[in-house]
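Listed here are the chains, written in short residue letters.
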Amino acid sequence: MQIGIISLFPEIFSALDYGVIGRAIDEQKVVLHYFNPRDYSTDKHQRVDDRPYGGGAGMVMQVQPIQAAITCAKACLPTAPVIYLTPQGRVLQQDTVQLLSKQPSLIFLNGRYEGVDERLIAAEVDVECSIGDYVLSGGEFANLVLIDAITRCLPGVLGHADSAVNDSFTGDRLDYPHYTRPAIINGMPVPAVLTSGDHQAIARWRLKQALGRTWQRRPELLSKQSLSFEERLLLDEFIDECEE
Ligand code: ADE
């Protein structure tokens, strides 16, 4: 996948150079292209922002430098949709991440200050995307989250055993609890079923924990889906055990 990144602070994206995402970049499963609006500013001081019309605090990113950066990004990635990271966007969910991971190329626009001139959004942006209902000081950290989430969905990025299709959180339920050696730590043993060697019982226990935790912590996720007969039984068992 080819990704164009429009940002005043491209250095921030070096946070992607680690772990599985760093390896995907090294292996060119994902290729990042940077376009800094400051390099495209026609202002003699390379300004990229100005005061807001109507007054008020902060500065607004101007159309000209960003539009020139987007034009250049589109010349490099002609079919890529332009995605603007903003708290005003639709809140990101795993199904959108999966959809975006199927695109051959994407262009991300990262705002700073109070945001970008609305006319630039109207002219150039295809999708506005938020990572949650809180305000960051720029789009870059949200963009890191989104690039990480997309990259781990790309074929061959994760090993087979922990491939993204096996993620127990795929957007509709939470993950089950995980344990590793030693079997007893600070007097706390691992659940006996996990050392039983009975793979069917382990799978059943994990499914029950995943459903139970979702019911406890994110009940709204469960009300959006229909459970199979077996899943309903497991969840009822979990609820009964909680009430004992
Ligand atoms: N820019 C600032 N805050 C943001 C958020 N929550 N999501 C996406 N982009 C942002």
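Above this text you will find the structure in question.
So, how was this worked out
- Numbering of residues begins from 1 in every chain and follows the order in which that chain's sequence is written.
- Owing to the predicted nature of the model, reporting of local features is limited to residues with pLDDT of at least 70; listing and counting of side-chain atom pairs is limited to 80 or more, with chain, interface and lining totals taken over all residues.
- Side-chain numbers come from the whole structure's heavy atoms, not from hydrogens or water.
- Three exposure classes are used, based on accessible area relative to the maximum for each residue type with a 1.4 Å probe and protein chains only: buried under 20%, partly exposed in between, and exposed over 50%.
- The way it works is that DSSP assigns letters per residue, a run of H or I at least four long becomes a helix, a run of E at least two long becomes a strand, and they are numbered from the N terminus.
- The pairing criterion is simple: DSSP has to find at least two bridges between the two strands.
- Call a crossover right-handed when, viewed with both strands pointing away from you, the route from the first strand across the helix to the second goes clockwise.
- Near residues are defined by distance, with any heavy atom within 4 Å of the molecule or strand qualifying the residue.
- Any pair of nitrogen or oxygen atoms within 3.5 Å is treated as a polar contact; in protein, a donor-acceptor pairing is required on top of that, and neighbouring residues in sequence qualify only through side-chain atoms on both sides.
- Here the accessible surface of atoms and residues is derived via Shrake-Rupley with a 1.4 Å probe, and residues count as covered only by protein chains that are part of the display.
- Each C-beta atom gives one direction from the helix axis, and the arc is the one those directions make.
- Between N-to-C directions, angles cover 0 to 180 degrees, with each direction set by a line fitted to C-alpha atoms, over the stretch in contact for helices.
- For classification purposes, an angle smaller than 35 degrees is called roughly parallel, one larger than 145 roughly antiparallel, one from 65 to 115 roughly perpendicular, and anything else oblique.
- Here is the rule for handedness: rotate from the far helix to the near one, and if that takes an anticlockwise turn smaller than a right angle the crossing is left-handed, while a clockwise turn gives right-handed.
- The contact criterion used is simple: two residues touch if any of their non-hydrogen atoms lie within 4.5 Å.
- Think of it as three bins: nonpolar holds Ala, Val, Leu, Ile, Met, Phe, Trp, Tyr, Cys and Pro, charged holds Asp, Glu, Lys and Arg, and polar takes everything else, Gly as well.
- Nonpolar cores were defined as sets of buried Ala, Val, Leu, Ile, Met, Phe, Trp, Tyr and Cys residues, with membership established by side-chain atoms within 4.5 Å.
- Whenever a carboxyl oxygen of Asp or Glu lies within 4 Å of a side-chain nitrogen of Lys or Arg, that contact is scored as a salt bridge.

Comments concerning the pairing of strand β1 (residues 2-6)
Phase 1: With 4 of its 5 residues buried, β1 lies for the most part within the structure.
Phase 2: Across 5 bridges, β1 lies against strand β2 (residues 31-35) in parallel orientation. Within β2, the residue paired with I3 across the bridge is L32.
Phase 3: What joins β1 to β2 is helix α1 (residues 19-26), and the crossover it makes is right-handed.
Phase 4: One ladder, built from 5 bridges, connects β1 with strand β6 (residues 105-110); its direction is parallel. Counted as the bridge partner of Q2 is S105 from β6.

Side note on the site of the ligand
Phase 1: As a matter of local geometry, the ligand sits amid 13 residues, with T86, I131, G132, Y134 and L136 nearest to it.
Phase 2: The contact in question runs from a nitrogen atom of the ligand to an N or O atom on the backbone of T86, over 3.1 Å.
Phase 3: Here I131 contributes a backbone N or O atom positioned 3.0 Å from a nitrogen atom of the ligand.
Phase 4: Relative to its unbound accessible surface of 260 Å², the ligand loses 97% to contact with the protein.
Phase 5: When residues of the shell around the ligand are traced back to their parent elements, those giving at least two are β5 (82-91) and β7 (127-130).
Phase 6: Here the element with the most residues in the shell around the ligand is β5; it accounts for 3 residues.

Quick notes on α1
Phase 1: Taken together, the buried positions of α1 are occupied by I21, G22, A24 and I25. The buried side chains of α1 occupy one side of the element, clustering within an arc of 160° when seen end-on. Seen from the buried face of α1, the exposed residues on the opposite side, beyond 90 degrees, are G19 and D26.
Phase 2: Where α1 terminates, the next one or two residues include Q28, which has phi positive at roughly 55°.

Some words on the packing of helix α3 (residues 94-101) against helix α5 (residues 140-151)
Phase 1: Two elements in contact, α3 and α5, have axes whose closest approach is 9 Å; the angle formed by their N-to-C orientations is 70°. One element, α3, and the other, α5, form an angle in the roughly perpendicular class. Once α3 is placed against α5, the crossing between them reads as right-handed. Contacts from V97, L100 and S101 of α3 reach α5 at L146, A149 and I150.
Phase 2: The class makeup of the residues in the contact of α3 with α5 is 5 nonpolar, 1 polar and no charged.

Quick look at the nonpolar core
Phase 1: Counting 30 residues, the largest nonpolar core has I3, L16, F108, L146 and I150 as its most contacted members.
Phase 2: Counting only elements with at least two residues in this core, the list comes to β1, α1, β5, α3, β6 and α5.
Phase 3: Looking at this core element by element, the count peaks at 6 residues for α5.
Phase 4: Contact partners of L16, with chain neighbours within four places excluded, come to I21, G22, I25, L32, L144, I147 and D148.

As for the pattern of salt bridges
Where side chains of opposite charge bring their charged atoms close, a pairing between them can arise.
Phase 1: All chains considered together, the criterion is met by 11 salt bridges.
Phase 2: R112 is paired through a salt bridge with E140; the nearest N and O atoms lie 3.0 Å apart. Of the two residues, R112 is situated in the loop between β6 and α4 (118-124) and E140 in helix α5; the sequence distance between them amounts to 28 residues.
Phase 3: Here E140 falls in the buried class, since its relative accessible area comes to 0%.
Phase 4: Bridged by salt links that share partners, the residues R204, K208, E237 and E241 form one connected network.

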